[in-house]
Amino acid sequence: MTTVWPQLESQLARVQKPARYIGCEDGAIEPVHRPGSTSWLLVYPDTYEVGLPNQGLQILYEILNERPDAVAERSYAPWTDLEAIMRSEGLPLFSVESHRPAAEFDVIAFNLSAELVYTNVLNCLDLGGIPIHSAGRDDRHPVVVAGGHAAHNPEPLADFIDAFAIGDGEEAVTDLHEVVADWVRSGRSASRHSMLRELCTVPGIYVPSMYEPRYESGRFVGLTPKHAGVPERVERRVVADLAEWPYPRNQLVPLTEVVHDRLNIEVFRGCTRGCRFCQAGMITRPVRERPADQVRTMIDDGLRRTGYDEVALTSLSTADFSGIEDAVRQTVEGSAGCGQVSVSLPSLRVDAFTVGIAAQVQRARRTGLTFAPEAGTWRMRRIINKLIGEEDLYGAVESAFSQGWRRVKLYFLTGLPSETDEDTLGVAELARNCVEIGRRHTHKASVTASVGGFVPKPHTPFQWFGQNTVDELNRKIGLLKDTTRRMHGVQLKWHDARASAAEGLASRGDRRMGAVVEEVWRQGGTFQEWSEHFRLDRWTTAMARHGLSLDTEVYRHRAQSEALAWDHIDAGLHKDFLWDDWQDALAEVGLPDCRWTPCYDCGACTGVGIEHRVGSPVPPAGGSQGTGQDLSIGGEVPVTLTGARS
Amino acid sequence: MRIRLRFTKLGKVRWTSHRDAARLWERALRRAQVPLAYTEGFSPRPKVSFGLALPTGAESDAEYLDVNVRPERDVDLSTLPDRLTAGLPSGMACTAAVGLDPPVSSLQQVVTSCSWVLGARVPAAEAERRVSELLAADSVPFSRVRKGKETTDDLRPAVRELAVVGNHYTEGFVALRAELATQPRAVKPIELLAALWPSSGDDVAGWPLRRTHQWIGPSDAGVEPITLDAPEESYAPARAS
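Bear in mind the structure is a predicted one, so any value in this text is a computation, not a measurement.

The rules behind these values
Residues numbered from 1 in each chain as written. Chains lettered and ligands numbered in written order. Predicted model: local features only at pLDDT ≥ 70, side-chain atom pairs only at ≥ 80, totals over all residues. Helix = DSSP H or I, 4+ residues; strand = E, 2+ residues; numbered from the N terminus. Rg over C-alpha atoms; globule rule 2.2 N^0.38 Å. Buried ≥ 20, exposed ≤ 12 C-beta atoms within 10 Å, placed from the backbone. Contact = placed C-beta atoms within 7 Å. Axes fitted to C-alpha atoms, helices over the stretch in contact; angles between N-to-C directions. Parallel < 35°, antiparallel > 145°, perpendicular 65-115°, else oblique. Left-handed = near helix turned anticlockwise from the far one by under 90°. Nonpolar A, V, L, I, M, F, W, Y, C, P; charged D, E, K, R; others polar. Pairing = 2+ DSSP bridges. pLDDT = per-residue confidence, 0-100.

*Asks:* So what exactly am I meant to see when it comes to the overall build of chain B here?
*Replies:* Helix and strand counts for chain B come out as five helices and ten strands. The C-alpha atoms of chain B give a radius of gyration of 19 Å, which matches the 18 Å a tight globule of 241 residues would have. The C-alpha extent of chain B, read off along each of the three principal axes, is 60 × 40 × 35 Å. Each of the 241 residues in chain B was classed as buried or not, and the buried ones make up 34%. Sequence separation of 24 or more characterises 71% of the internal contacts of chain B that already satisfy a separation of 6 or more.

Spelled out as structure tokens, the structure:
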């Protein structure tokens, strides 16, 4: 078997953090490449520390490796120091398990969790010696596929990716594998083109080369399928029952420190809180809870196997999980016999109930607690449908400081639709009031307000909104800086507004953005999520060269009649639902959570014939706290209970 | 009660840092259900202390750590090494465990020197010549950064033993054996190699290293923090890949 390990190892003393490149994780497989088996290289196009914990990639890794006719290995973007050595020594991109060159795999699959990694995708292909354009590949080259949340607008990478998998990957990966495996086993007797044609017939698979984009007077107006049998729209895949997918069973335990370095258990997928800025909440509907007993088993087995002393219960809003109190209590009390275990809840709801749970899990280390009110005024929070009343936030903060926490971190967005300076300054006001509450309990009380520039995302009600300019975002951040400067106990942190602009153009760009991504990459613009490597002028220069601008692609409000670059991707949501919700937003009308109120017909359930699957017919303990919902209208709604499955 | 453990670090896992190894060990101890004693206070940590740091990239036959366990729970020391090895990555193996009762001084305090096998990318004759020159010298000044300041120290007193032991450590490398003092001030193997071959520059950073012993007192007395029953004498490291 081919391996570049000896050549790589002789260079490892020259790079930072060499443990990134050695593999050897607990849970990793020892790959056996048999004749007739189809090999996958799963690539996370960012550093090992960021990519390794990615649960989506680990789930696919296990599903593929359970198949007798598949073998999957992993790769991550080499840091710039190793990349320079690889290029000078002629070392190709490699897998971390067997250090096999990327070009020797049958399939290269990229995880697209965020947009700013796009230039790294091209860099990884190029380092692998694989032509970056799909049109430049022939039967000798791997099939290049991609999936993940950012794939819901695939167009900026349409020139480079052979096929995208839209939606949940658990089932789609098998269907994709079978088509490619047939082709590989047949000795690639059919042409690459005909194999890709066949992929078009697989639900959830989008093959961009089978579509012709149309433009009129410099505007994208739609895509036309080039051949018969190529669907006009591609429907995302949805896994109906999380209980059938208790993955990852063998979560990877790295040898070196990574982000989220703990046991991660997904307790539910999807969210119907309905926050209008949140792409994840929109495209992962409906809510599908994992049965509480399965959660418990996964925690116990996982702790015993990995030796971790921390478990994260992951989802988009973990306090909403029906079994949350029991899951937390049982874990902290420790049935696995592995010593002290702490639980982390990465997405806290803003209410006192949630703080009560946090108090259970952080008996010892009460240093900081994080909440995301997202906007500074009630008006603004109705617009974004994050229905947290001020009394909810103050109640949560009071509860936190009174129970021994000394630092509270608050996440906010700025540059939201119709945001006024009063709304912006509401952020400072909230933070100051929170410090005052904290001072009643400890003189050390401090509040960090972290402010990010809002980037409108596809498949959300805000997809028509023209993003704030860099100057406008900087002006708003400046207002907050001035106001908080003399506020004792309030610290302000902010995200680089220029990075928000680049994220904006990659998020909603059409197919013409591919040339921009390529040029930024050619100019050396990799690792754009890393501030030390990010430069906005590379993006604006490249756009100008291709007749595009931030004004038209990012800052402009879209019209209802306009074709959107992702209209051919069906993420489950009716476009008219999104438009109505956008109009409701502008009218400052909130929309309650549909788990416990009547259906709004957003399309997510009806389209795939499944419903929200929750463990409890009533809203979680704590009731409407943090949601602003009127629960009197919710009692009659039938829900599917995870415990009562047939 | 305190338990002292001896372990190896060989093959790919040598690219993990000292800090990585500490984290790996904490997980392995929990997997083996060792009843760890924890520190008091706001953020309780298991009471585990590691000996002298091994440079990232170096292999070792003789690493150590001390672990405090809760006194009320018995730990079966005879099965402990195997149970721990099962939870460690390939290349790391626990080779011995002893109880320290009453507790003794920390590893960093008791270890006085370490033996190493070092690879040098030079011709064998050149290696012999430089080794003789260094041993014959009264002092070997070298500069290093200490507390942010570049200072000049004498390397020679720390070199207790130095010899060419083979012309093939691994492909392209001559093998040297060295014993370097760790007290009063430790000299690192890479500092020795750089002093022997200043013209090799940064290249020495990639030369192979393997710690074979840590000594308490003179090495000819043969006292180690834990002495293995059948210590293997070899300079050619097994290269897991």
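What follows picks up the thread again.
*Asks:* Would you explain the packing of helix α17 (residues 513–522) of chain A against helix α18 (residues 536–545) of chain A in this entry?
*Replies:* In helix packing, the relevant descriptors are the interaxial angle and the interaxial distance, both defined with respect to the helix axes. Residue and element names in this part refer to chain A. Interaxial distance between α17 and α18 falls to 9 Å at its minimum, and their mutual angle equals 130 degrees. Judged by the inter-axis angle, α17 sits oblique to α18. At the point where α17 passes α18, the crossing takes the right-handed sense. Residues Val516, Glu519 and Val520 of α17 lie in contact with α18, whose contacting residues are Arg538, Trp539, Ala542, Met543 and Arg545. Class assignment for the residues of the contact of α17 with α18 results in five nonpolar, no polar and three charged.

*Asks:* Can you help me understand the pairing of strand β9 (residues 174–181) of chain B in this one?
*Replies:* When a strand is regular, its side chains alternate between the sheet's two faces. Residues and elements named next belong to chain B. In terms of strand pairing, strand β5 (residues 113–120) meets β9 through eight bridges, oriented antiparallel. Bridge assignment links Ser115 to a residue of β9, and that residue is Glu179. With six bridges joining them, strand β8 (residues 159–166) and β9 adopt antiparallel strand pairing. The residue of β9 that forms the bridge with Glu161 is Glu179.

*Asks:* What's the story with the confidence of the model for chain A in this structure? I'm lost.
*Replies:* Detailed reading of the predicted model is not advised wherever pLDDT is low. Residues at a pLDDT of 70 or more form 93% of chain A, whose mean pLDDT is 91. Low pLDDT, under 50, characterises residues 621–639 of chain A; the predicted model gives this stretch 42 contacts beyond four residues in sequence or across chains.

*Asks:* I tried to follow the interface of chain B and chain A on my own but got confused; where do I start?
*Replies:* How big an interface is tends to be expressed through the accessible area that disappears when the partners come together. In this complex, chain B contributes 26 residues to the contact, which on the side of chain A involves 24 residues. When grouped by side-chain class, the residues that make up the side of chain B that touches chain A number ten nonpolar, ten polar and six charged.

*Asks:* Sorry if this is basic, but what is going on with the packing of helix α5 (residues 118–127) of chain A against α17 of chain A here?
*Replies:* Residue and element names in this part refer to chain A. Closest axis-to-axis distance for the α5/α17 pair is 9 Å, and the angle between their directions is 65 degrees. Relative to α17, the element α5 lies roughly perpendicular. Read as a crossing pair, α5 and α17 show a hand that is right-handed. Contact with α5, carried on its side by Tyr118, Thr119, Leu122 and Asn123, involves Val517, Glu518, Val520 and Trp521 of α17 and no other residues of that element. Within the contact of α5 with α17, the residues separate by chemical class into five nonpolar, two polar and one charged.

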